[in-house]
Amino acid sequence: MSNKLYLECNSGISGDMMVASLLDLGASVEVLNSALSSIPVGGFRTVVSKVKKSGLEACDFDVILEQENHDHNMEYLYGHEKSGHTHGEEHTHSGEEHTHSEKHTHGGEEHTHDGTHHHQNVEHTHAHAQEHRGLGEILDIIDKSDITVRAKDIASRIFTILGIAESKAHGTKIEEVHFHEVGAVDSIVDIIAVAVCLDNLNISEVIVPILYEGSGTVRCQHGILPIPVPAVANIVSSHGLRLHITNTQGELVTPTGAAIVAAIKTEDKLPEQFTIQKIGMGAGKRTHDRLSILRAMLIQEEML
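Residues numbered from 1 in each chain as written. Predicted model: local features only at pLDDT ≥ 70, side-chain atom pairs only at ≥ 80, totals over all residues. Heavy atoms only, no water.

Caption draft 1: Region of interest: the side chain of Thr246. Among the secondary structure elements, Thr246 is positioned in strand 14 (residues 243–249). With a relative accessible area of 5%, Thr246 lands in the buried category. In contact with Thr246, other than residues within four places in its own chain, are Tyr212, Glu213, Gly214, Ser215, Leu252 and Arg290. (Helix = DSSP H or I, 4+ residues; strand = E, 2+ residues; numbered from the N terminus. Buried < 20%, exposed > 50% of the residue type's maximum accessible area, 1.4 Å probe, protein only. Contact = heavy atoms within 4.5 Å.)

Right under this line is the structure:
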């Protein structure tokens, strides 16, 4: 039996938030780990854990890279007077899985790590500098991954939507677009993970009434850009997504998040009457003046 998903995007949406919400709904961590281990790229591992956001428990999906990643660094993203930052944490990759249960605080949040650290063993030769990949290369990576045909189709659709939006933003042909943040390993992992989890939960209908977005500017690979960034604005425009701009200073809807919605949304209006079968809470990494959680619900329409 297929399931109907409702996404409440009052705090925006990103790739990691979407994966976490689907895992919290019951998508199999084992199936996901098996799929991610088959991706023909290296230099990453993933951690699934529970975190507290304003006292609420949510699932967190974290892609940890060997290379530097600015995506969740608030000082880099919004502290525009600073040109960069350094990392004080070193990640090691031992090529084996282990589990642990411990609590620590990070950015004022409490984390309980009770998931499996999945270590990627695929050999790789890339340097720590961020790789740039064309859409064709990314689609080839998806095709070579050991995931279902339906999951491949979903992931390919998401990246194609991103490619079209980026090519429009930069005035280039789609085959000439080389993804920067979007094509980084963490985004490839996020998007494939979303596709695998949607397929695992057998979700065929997705309702997204509106996307809440922030205000101001954000730093990215191309410089300081207005929010919503051009790729998000292009996706919203091309796919008729409803957008609500809030007073929150910061980017709530990432290009990956917008592309996910554009690729999977089937409806933008909730049934007049429905029951909630299950709720998933996906935690965001960025800290804003609103709760950074994507709430996903499996619902069933009730006839009046």
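Caption draft 2: Fine view of the pairing of strand 2 (residues 44–53). When you tally the buried positions in strand 2, you get eight out of 10 residues, the bulk of the element. Across 10 bridges, strand 2 lies against strand 3 (residues 56–65) in antiparallel orientation. Considered in strand 3, the bridge of Lys52 is made with Glu57. Linkage of strand 2 to strand 3, two consecutive antiparallel strands, is achieved through a turn of two residues, within which Ser54 is found at a positive phi near 50°. (Pairing = 2+ DSSP bridges.)

Caption draft 3: Structural view of the packing of helix 5 (residues 149–170) against helix 6 (residues 185–200). Across the interface, helix 5 lies against helix 6 with an axial gap of 8 Å and an inter-helix angle of 140°. Considering the angle they form, helix 5 stands oblique to helix 6. Seen from above, helix 5 lies across helix 6 with right-handed handedness. Across the interface between the two elements, Arg150, Ala151, Ile154, Ala155, Ile158, Phe159 and Leu162 from helix 5 touch Ser187, Ile188, Ile191, Ile192, Ala195, Val196, Leu198 and Asp199 from helix 6. Considered class by class, the residues forming the contact of helix 5 with helix 6 number 12 nonpolar, one polar and two charged. (Axes fitted to C-alpha atoms, helices over the stretch in contact; angles between N-to-C directions. Parallel < 35°, antiparallel > 145°, perpendicular 65-115°, else oblique. Left-handed = near helix turned anticlockwise from the far one by under 90°. Nonpolar A, V, L, I, M, F, W, Y, C, P; charged D, E, K, R; others polar.)

Caption draft 4: Examining the environment of Ser204 more closely. Along the polypeptide, Ser204 turns up in strand 10 (residues 203–207). Each C-alpha atom of the pair Ser204 and Asn3 lies 6.1 Å from the other, and the pair is 201 residues apart in sequence. Other than its neighbours up to four places away in sequence, Ser204 contacts Ser2, Asn3, Arg150 and Thr266.

Caption draft 5: Quick peek at the pattern of salt bridges. Under the definition given, this model contains 11 salt bridges. One salt bridge in this structure joins Lys4 and Glu267, with 3.6 Å as the shortest N-O distance. Taken together, the positions of Lys4 in strand 1 (residues 3–8) and Glu267 in the loop between helix 8 (255–264) and strand 15 (274–283) put the pair 263 residues apart, joining distant regions of the chain. Between Arg157 and Asp153 there is a salt bridge, and its shortest N-O distance comes to 2.7 Å. Residue Arg157 and its partner Asp153 are located together in helix 5, separated by four residues, close to a single helical turn. (Salt bridge = Lys/Arg side-chain N within 4 Å of Asp/Glu carboxyl O.)

Caption draft 6: Quick peek at helix 7 (residues 230–238). Within helix 7 the residues assigned to the buried category are Ala231, Val232, Asn234, Ile235 and Val236. Following helix 7 by one or two positions, Gly240 adopts a phi angle in the positive range, close to 60°.

Caption draft 7: Representation of the environment of Glu66 within the structure. Mapped onto the secondary structure, Glu66 falls in the loop between strand 3 and helix 3 (74–78). The class for Glu66 is partly exposed, based on a relative accessible area of 29%.

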